[in-house]
Amino acid sequence: MQGRRRLQVISNEGQAAARQSGSGLPRRIRGGSRRWPSSDRVTSLLLIAPSVLAVAVFVYGFIGFTAFASLTKWDALAPDFTFVGLRNYVRLFETVRFQIDLRNTVTFTGFFLVSCLSLGFLLAVLLDQRIRAEGVFRSIFLFPLALSFIVTGVVWRWLLNPGSVQLGSTGINLLLDRIGLGLLKSGWYTDPKFGIKAVVIAATWQMSGYVMAMYLAGLRGIPEELREAARVDGASSFQVYRHIVVPLLNPITLGAVIILGHISLKIFDLVVAMTGPGPGFSSDVPAFFMFDTTFRGNNFAQGAGIAIILLVMIAVLIVPYLVYSLRTETQR
Amino acid sequence: MVRHMRWLAVLSVLLIGAVIPIGSAGAAGTNKLEIFSWWTAGGEAEGLAGMFAAYKQRYPGVEIVNATVAGGAGTNAKAVLATRLTGGDPPDSFQVHAGLEIQTYDPEKFLEPLDSLYKSEGWDRALPKGVLTLLQYKGHYWAVPVNIHRANVLWYSKKVFSANNLTPPKTFAEFFKIADTLKAKGIVPFVLGDKEGWESGHAFEAVLIGTLGAQGYAGLWTGKTQWTDARVTQALNTYKRMISYTNTDHAALTWDGAGQYLINGKGAMQIMGDWQNGWFQSKNYSDYGWATPPGNAGVFDALSDSFALPKRAKDRDNALNWLRVAGSKAGQEAFNPKKGSICARTDCNQALFNAYLQSAAKDWQSNTLVPSVVHGAAAIESWAVKYKDIMALFVTSGDVAKTQASLQAACKDAGVCK
């Protein structure tokens, strides 16, 4: 009922607005219909209204509420909206676990980006050599992407289980033992110095195939003439890649950095399934700390604070990209 | 075309109307009972089913809705429960650790006090005094305990101990002597699995009790003992030394995975709660013994599962009956042998229980009771979480001074220390 009444109000306003603008505008812009001038516009506004409303409430509304909650004293089940300013944030940055988490995030993002991009690029270049059964290889490298991070986490938890002297080696350590490379054995994620880097191995295994697919598409889009021209000019194949291929792939690299970057900043499921917080929180991440704080500690205000910090970190990465792509779109 | 678009527009606006929720009135049912817990598997689920059967025997015709949420010692369940309580759609009764964990649910706002039920059912006589004190929060009872678990148990491999002519250590000095002997033989003296982050704090509870005694330990959570106390420093140093005798892969294992060392005869001792007993049995392992950790003799570090009654429960009468069953002799005798815990009541028929549980029940009657912090009894949840994190960090950092300072700061944050 409510909806219908609102519709009437909106369409009345729409008609009024249309009539008003109709008189001021030159005829050719208004198009043919006389009774519903610029009704397309009204219709389109109405058509996007549900999603705009939904996004406004369920995305921006809740972001706003989270930001608000992070400034309150809500540290128990019952909401307590006493305003405390930035106290939660100050406390957060004083917490040892959160400091470690931030460091881990930087480490993880750095290693993850570098390993994923280089491995993905390498695979793409190799596949681009017109090899036989390319489709098979492409599928093999892409398959890990079809798994959920939970599955990947469980599998790699087993593979990288260090084992011990008493119960014997397992997983990768066992493999190293068998092929006589026992020297390379490591505590993996149980070694605080290794910690989050073990998670990088699993994440790279899962995502580098995806990067490969992106690069492969990019490589196929580079016209053969460009490479040929370079070769005619006497460029070695390294020089072709260095000066022709890589620069032309820049937009793809940027896209991959954005996609991998936001995955790595908010990574949660992989860490939970694979290592948990790890010894001395060496594989802990802010998202996991947020879950712990909010749902185990019932400290909703502080959990909201962590969420906002995560949002800011991701925004720092995404917003420049959005601005950049919007600008290039308008240029076109 | 334009007309079509217009209809689409009408549709989309109607959609907005549909999305805006119109408060729906829930139908009041009286033949239902919704019980919320995180007992989804193994002995726990069987125990719960046993208690359901006891309920149905007394109150036939009530349909029990078993609302369980699986996962991590109730972590996920607590998140769901929090939403339901604050959203005004509580289950009829829910599981909560007895003790200060109840503070999490803001009892005065969300729960009904159960003082009159305690009186009419005679629980204030059937339950030991220590538990009754533990259950009170702001002068009222808020939950009915169904069982008791013991946190401070030292499990040991009989095979390893007899092969080396050893007896379980009574003091930390003895502990380290045994540890050195075993280490030289390539056996892990002190088995630990701390993958989930709470196990280190759990073991440290026993070290604190062993160093400060029952009163000193309990005082840590009430402000009577200072965290800056020299004995806490001593406990941290002892614990640090104990950690040096653990298995190298402790961070990859959960407590049960670590128990495999004992089963294989490759590890000697492990400090874990008495759910370990049930796990050993499920693995058909019987060559284990139990003792109190060093310095813990005569002290029972307890945790208890209990059920509470939310305000605005839809089937309040059924829920009250449920609590009556949960607190009754019949209900607890149906639940505990399967769950692998002892009755909170002192009058259960001991013949129903296995050897370990019988010995625990005996200790329960005679020992001094102290509350476990990792399992929700001793401190409010936010403090317990901080304690857990600090002790998890200590395993790798080994920084005694910094850890003690953090423990003191956590106590201050909780408003107990000044």
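Given the structure is predicted, the values throughout are model-derived calculations rather than measurements.

**Points about the overall build of chain B**
Thinking step 1. Looking only at helices and strands, chain B has 18 helices and 15 strands in total.
Thinking step 2. The C-alpha atoms of chain B give a radius of gyration of 24 Å, which matches the 22 Å a tight globule of 418 residues would have.
Thinking step 3. Residue burial in chain B is summarised as follows: out of 418 residues, 51% are buried.

**Focus: the nonpolar core**
Thinking step 1. One finds Ala143 and Ala308 of chain B to be the most contacted residues of the largest nonpolar core, which totals 129 residues.
Thinking step 2. Viewed by domain, this core spans two of them, domain 1 (32–149 + 304–371) and domain 2 (153–302 + 373–413) of chain B, each represented by three or more residues.
Thinking step 3. By size, the runner-up hydrophobic cluster in this structure holds 51 residues, among which are Ala198, Val271, Met274 and Phe289 of chain A.

**Here we look at the sheet that holds strand E1 (residues 32–37) of chain B**
All names here are of chain B.
Thinking step 1. The sheet built from five strands is open, its strands ordered E2-E1-E3-E13-E6 with mixed pairing. One side of each edge strand has no neighbouring strand; the edge strands of this open sheet are strand E2 (63–68) and strand E6 (143–145). In this sheet, adjacent strand axes meet at a mean angle of 30° when their direction is disregarded.
Thinking step 2. Against the sheet, helix H14 (residues 316–327) makes contact with E1, strand E3 (93–97), E6 and strand E13 (305–308), and its axis sits at roughly 55° relative to E1, the strand it touches most.

**Digging into the pairing of strand E12 (residues 299–303) of chain B**
Residues and elements named next belong to chain B.
Thinking step 1. Of all five residues in E12, five are buried; the element is thus mostly enclosed.
Thinking step 2. Because side chains alternate across E12, one face comprises the buried residues Val299, Asp301 and Leu303, and the other comprises Phe300 and Ala302, equally buried.
Thinking step 3. Relative to E12, strand E7 (residues 147–150) runs antiparallel, the two sharing two bridges. Of the residues in E12, the one forming a bridge with His149 is Leu303.

**Quick look at the sheet that holds strand E9 (residues 188–191) of chain B**
All names here are of chain B.
Thinking step 1. The sheet built from four strands is open, its strands ordered E9-E10-E8-E11 with mixed pairing. In the strand order of this sheet, the two ends are held by E9 and strand E11 (288–291), each with one partner. Between one strand axis and the next, the sheet turns by 20° as a mean value, whatever way the strands run.
Thinking step 2. Here four bridges tie strand E8 (residues 153–157) to strand E10 (residues 267–272), and the two strands are oriented antiparallel to one another.

**A look at the domain arrangement of chain B**
Residues and elements named next belong to chain B.
Thinking step 1. Partitioning chain B into structural domains gives domain 1 (32–149 + 304–371) and domain 2 (153–302 + 373–413).
Thinking step 2. Measuring from the centre of the C-alpha atoms in domain 1 to the corresponding centre in domain 2 gives 27 Å.
Thinking step 3. Between domain 1 and domain 2, the contact holds 22 residues from the first and 23 residues from the second.
Thinking step 4. Those elements that place two or more of their residues in the side of domain 1 that touches domain 2 are E7, helix H16 (355–366) and strand E15 (368–371).
Thinking step 5. Class assignment of the residues belonging to the side of domain 1 that touches domain 2 gives a composition of ten nonpolar, ten polar and two charged.

**Examining helix H7 (residues 149–159) of chain A**
Residues and elements named next belong to chain A.
Thinking step 1. Listing the buried residues of H7 in full gives Phe149, Thr152, Gly153, Trp156 and Arg157. For H7, the angular spread of buried residues about the axis comes to 130°, placing them on one side.
Thinking step 2. On the buried face of H7, the contacting elements are helix H9 (196–221) and helix H13 (269–274).

**Quick word on the confidence of the model for chain B**
Residues and elements named next belong to chain B.
Thinking step 1. On average, chain B scores 89 in pLDDT, and the residues at 70 or more come to 92%.
Thinking step 2. Low pLDDT, under 50, characterises residues 21–28; the predicted model gives this stretch two contacts beyond four residues in sequence or across chains.
Thinking step 3. Taken together, the chains of this predicted complex give a pTM of 0.80 and an interface ipTM of 0.74.

**Re the environment of Thr104 of chain B**
Thinking step 1. Locating Thr104 of chain B in the fold gives a position in the loop between E3 and helix H4 (107–110).
Thinking step 2. Look at Thr104 of chain B and you get buried, because 24 C-beta atoms sit within 10 Å.
Thinking step 3. Taking the C-alpha atoms as reference, Thr104 of chain B lies 25 Å from Lys119 of chain B; in sequence the two are 15 residues apart.
Thinking step 4. With residues up to four places along the chain from it excluded, the contact list for Thr104 of chain B reads Ala76, Leu77 and Asn298 of chain A together with Glu381 of chain B.

**Some points on unusual backbone geometry**
All names here are of chain B.
Thinking step 1. You will see that Asn165, though not glycine, has its phi angle at about 55°, which is positive.
Thinking step 2. Among the secondary structure elements, Asn165 is positioned in the loop between helix H8 (158–163) and helix H9 (172–184).
Thinking step 3. Judged by C-beta crowding, with 7 C-beta atoms within 10 Å, Asn165 ranks as exposed.
Thinking step 4. At Arg312, a position not held by glycine, the phi torsion is positive, near 60°.
Thinking step 5. By secondary structure assignment, the location of Arg312 is in the loop between E13 and H14.

**Points about helix H12 (residues 255–263) of chain B**
Residue and element names in this part refer to chain B.
Thinking step 1. Here H12 has its buried residues at Trp255, Ala258, Gly259, Tyr261 and Leu262. With its buried residues spanning 135° around the axis, H12 presents them on a single face.
Thinking step 2. Those residues of H12 that are buried are in contact with E8, E9, helix H10 (199–220), E10, helix H13 (275–282) and E11.
Thinking step 3. Gly265 lies just past H12 and shows a positive phi near 70°.

**A short note on the environment of Val42 of chain A**
Thinking step 1. Here Val42 of chain A lies in helix H3 (residues 39–69).
Thinking step 2. Spatially, the C-alpha atom of Val42 of chain A lies 50 Å from that of Leu123 of chain A, the residues being 81 residues apart in sequence.

What counts and how
Residues numbered from 1 in each chain as written. Chains lettered and ligands numbered in written order. Predicted model: local features only at pLDDT ≥ 70, side-chain atom pairs only at ≥ 80, totals over all residues. Helix = DSSP H or I, 4+ residues; strand = E, 2+ residues; numbered from the N terminus. Rg over C-alpha atoms; globule rule 2.2 N^0.38 Å. Buried ≥ 20, exposed ≤ 12 C-beta atoms within 10 Å, placed from the backbone. Core = buried A, V, L, I, M, F, W, Y, C linked by C-beta atoms within 7 Å. Domains from an automatic or database assignment. Pairing = 2+ DSSP bridges. Axes fitted to C-alpha atoms, helices over the stretch in contact; angles between N-to-C directions. Contact = placed C-beta atoms within 7 Å. Nonpolar A, V, L, I, M, F, W, Y, C, P; charged D, E, K, R; others polar. Arc of directions from axis to C-beta. pLDDT = per-residue confidence, 0-100.

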